[in-house]
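Architecture at a glance
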Amino acid sequence: MIAPAVSTIGAGLSGLALGLSLKSKGISGKIYDLAPGIPRFNYGITLHASTYRPLLGLLKMDEATFRKETAVDGARGEPVIWKDRTHLVKFERGLGFKTRCLAGCDGINSSVSRSLMHKVDADVHPFVAFSGRRRVPTDVFVKVFGQSMAENVMIVHHNGAARLEITISDMTSEYVILGYIYSRQTRSQGSTKDPLHTPLRPSPGAKLTPPALYDEIEALGNLPQPFNTIFHAESMRNDRLLHWLLRSRRPQIDHSKQLADRGAFIIGDAAHGAPLLGGEGANMAITDGIDLAEHIAKRGVDTAAGFSNSKYESWIKFVDESVQRLRDMHNPGGRRH
Ligand SMILES: Cc1cc2nc3c(=O)[nH]c(=O)nc-3n(C[C@H](O)[C@H](O)[C@H](O)COP(=O)(O)OP(=O)(O)OC[C@H]3O[C@@H](n4cnc5c(N)ncnc54)[C@H](O)[C@@H]3O)c2cc1C
């Protein structure tokens, strides 16, 4: 297989923004993704206008059309092996190619990053978070949620230390899919551990809901509507709940050096990780993609160290600010989101 100028692993937000920007500059590229089609996860992401506006020209779309048409994607990985400053990329079914310019845009569990850099452990923050979704018929939505959510896609209620969030994730003429998140800081008293905080749980544990959650939801008592309808223990038992660990991963100081030695670009969640709550990973992923295309157009493909050096401070700041936002969201005396 003959490799194009830039070989991108991962067609998520960073990979697509990179591909689109490279194309607009006349630089050839190919994007590889292990997902066979466009996955649909039914979760909404908040994009800042400052993030998506630079995309409008590339997409040849006006702002109103972009806002009407946007949606969200993601997935998993296979090994990428580096050799002699040329990257040998191997796929599951034995296919592979060599490339001088490799861009790792393959998300939080990045195979590119794992194969090229030392492993960096994520920090798990002392918060409890459960995310659920519920499909409600449109007439019920209008009756129960209509007033509070007519103008807002997200509403938040604080109950003591707990933060309750409801968002509109998807909408058709027949039903509305609502996403919701119950979160709070962890509680520990002496040797008594918080039954809802299990920072060392394995990934499949995300699908297990500790019974203590339902007790805690019941103990919230009568909540104002529409929170009372969503955060109702019996109804939640029928929903698909995910136990989120709120993790972050700062790029390491020797990141640039490792990449300089290997000559690869790594951007988006593969390079830096912000917590799911308070993080703005999608915004950073798009910005990274656009900035990397700009960098390659100006400085060529053999400049991976220069790129990650130029990004290092802003990536650290981005992760730190995301973690601070997570804390602020749960600080009743501080800023609330
Ligand atoms: C529930 C939820 C809500 C969120 N809300 C927000 C929000 O409101 N605002 C915000 O800014 N961010 C939000 N985020 C974070 C945001 O979605 C991510 O930060 C962003 O998608 C990262 O983009 P990326 O391109 O780095 O990686 P991804 O979007 O994860 O894309 C990685 C791609 O690489 C592919 N891939 C993986 N491994 C391989 C491999 N070995 N070979 C080939 N392809 C591979 C995957 O299939 C995938 O398509 C949210 C995330 C979640 C889960």
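In what follows, the structure referred to is the one given above.
Residues numbered from 1 in each chain as written. Predicted model: local features only at pLDDT ≥ 70, side-chain atom pairs only at ≥ 80, totals over all residues. Heavy atoms only, no water.

A short note on the overall build of the protein
Applied cut-off: Helix and strand definitions follow DSSP, with helices as H or I runs of at least four residues and strands as E runs of at least two, each counted in order from the N terminus. Here's how the labels work: a residue is buried when its accessible area is under 20% of the maximum for its type, exposed when over 50%, partly exposed in between, all with a 1.4 Å probe on protein chains only. By the convention used here, residues are in contact when the closest approach between their heavy atoms is within 4.5 Å. Surface accessibility in these figures is a Shrake-Rupley result with a 1.4 Å probe; residues are shielded only by whichever protein chains are displayed.
Assigned secondary structure in the protein consists of 11 helices and 14 strands. Here the protein holds 337 residues, and the buried ones make up 43% of them. A separation of at least 24 residues holds for 70% of the contacts in the protein among residues at least 6 apart in sequence. When the accessible surface of the protein is summed, it comes to about 17900 Å², and 53% of that surface belongs to carbon and sulfur atoms.

A few points about the sheet that holds strand E2 (residues 29-32)
Selection rule: For two strands to be treated as a pair, DSSP must find no fewer than two bridges joining them. Geometry is summarised by axes, namely lines fitted to C-alpha atoms with helices restricted to the contacting stretch, and by angles between N-to-C directions that run from 0 to 180 degrees.
Pairing is parallel across the open sheet formed by four strands, whose spatial order is E2-E1-E6-E14. The open sheet has two free edges, formed respectively by E2 and strand E14 (264-266), since each of these has just one partner strand. Taking each pair of neighbouring strands and ignoring which way they run, the sheet shows an average axis angle of 20 degrees. As judged from the four bridges shared by strand E1 (residues 6-9) and E2, these two strands associate in the parallel manner. Residue pairing across strands places Val-6 opposite Gly-29, the latter belonging to E2.

With respect to the layout of surface pockets
What counts here: Definitions used for this entry: grid spacing 1 Å over protein atoms alone; cavity, a set of points where a 1.4 Å probe fits but cannot get out; pocket, an open set with protein on both sides within 12 Å along at least 5 of 7 lines; lining residue, one with an atom within 4 Å of a point. Grid points are joined across faces, edges and corners, and a volume is the space filled by probe spheres set on the points. Ten residue types, Ala, Val, Leu, Ile, Met, Phe, Trp, Tyr, Cys and Pro, are classed as nonpolar, four, Asp, Glu, Lys and Arg, as charged, and the remainder, Gly among them, as polar.
Approximately 200 Å³ is the volume attributed to the second largest pocket. Together, His-48, Thr-51, Glu-280, Asn-283, Met-284, Thr-287, Ser-314, Lys-317, Phe-318, Glu-321, Ser-322 and Arg-325 line the second largest pocket. Looking at the lining of the second largest pocket, the elements with two or more residues in it are helix H10 (281-299) and helix H11 (304-329). In terms of residue count, the dominant contributor to the lining of the second largest pocket is H11 (six residues). Tallied by class, residues from the lining of the second largest pocket come to two nonpolar, six polar and four charged.

Quick notes on unusual backbone geometry
Following Gln-225, the chain continues into Pro-226 via a peptide bond in cis, with omega recorded as 5 degrees. Its place among the elements puts Pro-226 in the loop between helix H6 (211-218) and helix H7 (227-230).

Side note on the packing of aromatic side chains
Selection rule: Stacked, edge-to-face and tilted are the three classes for Phe, Tyr and Trp ring pairs, Trp counted by its six-membered ring, which pair at centre distances within 6.5 Å; planes under 30 degrees apart are stacked, over 60 edge-to-face, the rest tilted. Comment: the charge-over-ring label is applied if NZ (Lys) or CZ (Arg) is within 6 Å of the ring centre and within 35 degrees of the ring normal.
In the structure shown here, the tally under the stated rule is six aromatic pairs. Plain terms: the ring middles of Phe-227 and Phe-231 are 6.5 Å apart, the flat faces sit at 20 degrees to each other, and that makes the pair stacked. No difference in accessibility class separates Phe-227 from Phe-231, as the two residues are buried. Grouping aromatic residues by their ring pairs yields a cluster made of Tyr-180, Phe-227 and Phe-231. Geometry around Tyr-175 places Arg-135 over its ring, the cationic atom sitting 3.6 Å from the centre.

Quick notes on the nonpolar core
Spelled out, the test is: For this analysis, a nonpolar core means a set of buried residues of the types Ala, Val, Leu, Ile, Met, Phe, Trp, Tyr and Cys, connected via side-chain atoms within 4.5 Å.
Core analysis: the largest hydrophobic core is formed by 30 residues, its most contacted members being Leu-18, Ala-103, Phe-265, Ile-266, Leu-292 and Ile-296. When residues of this core are traced back to their parent elements, those giving at least two are E1, helix H1 (13-24), strand E6 (102-104), helix H4 (111-116), E14, H10 and H11. It is H11 that provides the largest number of residues to this core, a total of five residues. In this view, Leu-292 contacts Leu-18, Ala-103, Phe-265, Ile-267 and Phe-307; residues no more than four positions away in its chain are not counted. In this structure, Val-136, Ile-168, Tyr-214 and Phe-227 belong to the second largest nonpolar core, which totals 27 residues.

A look at the environment of Asp-194
So the rule is basically this: For the purposes of these results, a polar contact is taken to be a pair of N or O atoms within 3.5 Å, where, inside protein, one atom must be able to donate a hydrogen and its partner to accept one; residues adjacent in sequence count only when each atom of the pair is a side-chain atom.
Following the sequence through the fold, Asp-194 ends up in the loop between strand E11 (175-185) and H6. Through-space distance from the C-alpha of Asp-194 to that of Val-128 is 9.0 Å; in sequence the pair is 66 residues apart. Only 2.6 Å separates the side chain of Asp-194 from the side chain of Arg-184, close enough to count as a polar contact. For Asp-194, the side chain forms a polar contact with the main-chain nitrogen of Leu-196, separated by 2.9 Å.

Quick look at helix H2 (residues 49-59)
So the rule is basically this: When we speak of the arc, we mean the arc of directions from the helix axis to the C-beta atoms.
Burial in H2 covers these residues: Thr-51, Tyr-52, Leu-55 and Leu-56. On an axial view of H2, the arc spanned by its buried residues comes to 135 degrees, and they lie on one face. In H2, the exposed residues that point more than 90 degrees away from the buried face are Ser-50 and Gly-57. Following H2 by one or two positions, Lys-60 adopts a phi angle in the positive range, close to 55 degrees.

A word on the pattern of salt bridges
Our working rule: Think of a salt bridge as a Lys or Arg side-chain nitrogen and an Asp or Glu carboxyl oxygen that are within 4 Å of each other.
Throughout the structure, instances matching the rule amount to 14 salt bridges. For the salt bridge of Asp-288 with Lys-311, the shortest nitrogen-to-oxygen distance reads 3.9 Å. One end of the pair, Asp-288, is in helix H10; the other, Lys-311, is in helix H11, with 23 residues separating them in the sequence. The pair Asp-288 / Lys-311 is uniform in exposure class, with both members buried. Residues joined by salt bridges that share partners form a network here, namely Arg-184, Arg-187, Asp-194 and Glu-216.

Notes on the environment of Asp-302
Within the element layout of this structure, Asp-302 appears in the loop between H10 and H11. Along the backbone, Asp-302 and Arg-100 are 202 residues apart, and their C-alpha atoms lie at a distance of 8.0 Å.

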